[in-house]
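Structure assessment
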Amino acid sequence: AQTVTQSQPEMSVQEAETVTLSCTYDTSENNYYLFWYKQPPSRQMILVIRQEAYKQQNATENRFSVNFQKAAKSFSLKISDSQLGDTAMYFCAFAGANAGKSTFGDGTTLTVKP
Amino acid sequence: DTAVSQTPKYLVTQMGNDKSIKCEQNLGHDTMYWYKQDSKKFLKIMFSYNNKELIINETVPNRFSPKSPDKAHLNLHINSLELGDSAVYFCASSQEVGFSGYGYTFGSGTRLTVV
C-alpha cells in the first residue's frame, strides 16, 4: 500500500517570504500522480497543484511550485511571496495510475504572519 | 454554480439516531467518493462509486451505507450513530472511472457531531 508522509505538522512564514512544505511517499509503481491540496479555515478542500510522475518538469501554478524528486520519492511544495490568504492546512496526496483513489498525508498547518 | 454540493453543512444529532448526507456534482464526472476527516484532520477514503456501481469499500462499519441513484448523486446513510462517528465527511468527484490522476473536486464538507 502506498503511504504519504508529511513530516512538518506546523510551519509559519512571514508575509511576502518563501516557504517550502515537505512530502515523501512510498510506492512500487512507476506511473502515478501527486497533488497538493489546500484546506483553509473555511474547510473547503482545494486542489493547488498536480504532478505527473512521468514528467520530469516540475509543475508550477503562479506562486506555487513543486520540487519533484522521483528517485528520492520526494514532492515538496514551494510557496513564493506568501500571502495571508495562504494560511491553511496543506495536504500532499498520491494516486496510482489505476488505483481509483488518492491517499493523503496527515497535513501541514501553515500560518502566514503579517 | 457549485460544482460539488453537500447537504447539510452541519449536523448535530443524538447517539442511536439515523442520518443521511447528500452529495450532488454538476461536473459530469464519472466517479464520486466519500472521505472522512477525523478530529486530527486525517483524511481516509470510505467509498467510491462509478454511476450506480460500488468500486471501493474500505473497512467501514456496516452502519454506513452509500447509495448512488445516478452518476451525479452519491448519498451516505448512517445508522445507529455513535460518538466516534463525529467527524467531517467530504464528498468528492473525479473525471474518469477508476482513475483519480486529475485530482478531486471536493464538496464543502458536512460536520457531523454526535452527542
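As a reminder, the structure under discussion sits directly above these lines.
Notes on the structure in this doc start here.

About the criteria used
- Residues numbered from 1 in each chain as written.
- Chains lettered and ligands numbered in written order.
- Predicted model: local features only at pLDDT ≥ 70, side-chain atom pairs only at ≥ 80, totals over all residues.
- Heavy atoms only, no water.
- Helix = DSSP H or I, 4+ residues; strand = E, 2+ residues; numbered from the N terminus.
- Rg over C-alpha atoms; globule rule 2.2 N^0.38 Å.
- Buried < 20%, exposed > 50% of the residue type's maximum accessible area, 1.4 Å probe, protein only.
- Contact = heavy atoms within 4.5 Å.
- Areas by Shrake-Rupley, 256 points an atom, 1.4 Å probe, with all protein chains shown as cover.
- Lys, Arg positive; Asp, Glu negative; His and termini not counted.
- Charge placed at Lys NZ, Arg CZ, Asp CG, Glu CD.
- Core = buried A, V, L, I, M, F, W, Y, C linked by side-chain atoms within 4.5 Å.
- Buried area = accessible area lost by both parts, 1.4 Å probe.
- Salt bridge = Lys/Arg side-chain N within 4 Å of Asp/Glu carboxyl O.
- Polar contact = N/O pair within 3.5 Å; in protein donor to acceptor, adjacent residues only side chain to side chain.

Moving on, we get to the overall build of chain B. Helix and strand counts for chain B come out as 0 helices and 11 strands. For chain B, the succession of helices and strands along the chain, N to C, is β-β-β-β-β-β-β-β-β-β-β. Over its C-alpha atoms chain B spans a radius of gyration of 13 Å, differing by no more than 12% from the 13 Å that the globule rule assigns to 115 residues. The principal-axis extents of the C-alpha atoms in chain B amount to approximately 40 × 30 × 25 Å. Taken over 115 residues, chain B has a buried fraction of 45%. For chain B, contacts bridging at least 24 residues in sequence account for 55% of all contacts bridging at least 6. For chain B, the accessible surface area stands at approximately 5500 Å², while carbon and sulfur atoms represent 47% of it. Computing the positive centroid from 12 side-chain charges and the negative centroid from 11, chain B places the two 7 Å apart.

A cis amide bond links threonine 7 of chain B with the next residue in sequence, proline 8 of chain B, at an omega value of -5°. Of note in this structure, aspartate 81 of chain A is not a glycine but carries a positive phi near 50°. Among the secondary structure elements, aspartate 81 of chain A is positioned in the loop between β9 (74–79) and β10 (88–96). We classify aspartate 81 of chain A as partly exposed; its relative accessible area is 40%.

Tyr25, Trp36, Phe75, Leu77 and Tyr90 of chain A are the most contacted members of the largest nonpolar core, which has 25 residues in total. Sorting the residues of this core by element identifies β3 (19–21), β5 (32–39), β6 (46–52), β8 (64–69), β9, β10 and β12 (108–113) of chain A as the ones contributing at least two each. Among the elements that take part in this core, β10 of chain A stands out by supplying 4 residues, more than any other. Excluding residues that lie within four positions of it along the chain, leucine 77 of chain A makes contacts with Val19, Thr20, Leu21, Trp36, Ile49, Phe64, Ser65, Val66 and Tyr90 of chain A. Residues Leu11, Met46, Leu81 and Tyr89 of chain B belong to the second largest nonpolar core, which totals 20 residues.

Interfaces are often sized by the accessible area lost when the parts come together. In this complex, chain A contributes 20 residues to the contact, which on the side of chain B involves 26 residues. In total, about 1900 Å² of surface goes out of reach between chain A and chain B, with carbon and sulfur atoms giving 52% of it. By the criterion of area lost to chain B, the three top residues of chain A are Arg43, Gly100 and Lys101 of chain A, representing 33% of everything that side buries. Joining chain A to chain B, the criterion identifies 1 salt bridge. Between lysine 101 of chain A and glutamate 58 of chain B there is a salt bridge, with the nearest N and O atoms lying 3.1 Å from each other. Applying the counting rule to chain A against chain B returns 10 residue pairs in polar contact (both at pLDDT 80 or more). Counting residues per element, the ones that place at least two in the side of chain A that touches chain B are β5, β6 and β10 of chain A. Here the element with the most residues in the side of chain A that touches chain B is β5 of chain A; it accounts for 4 residues.

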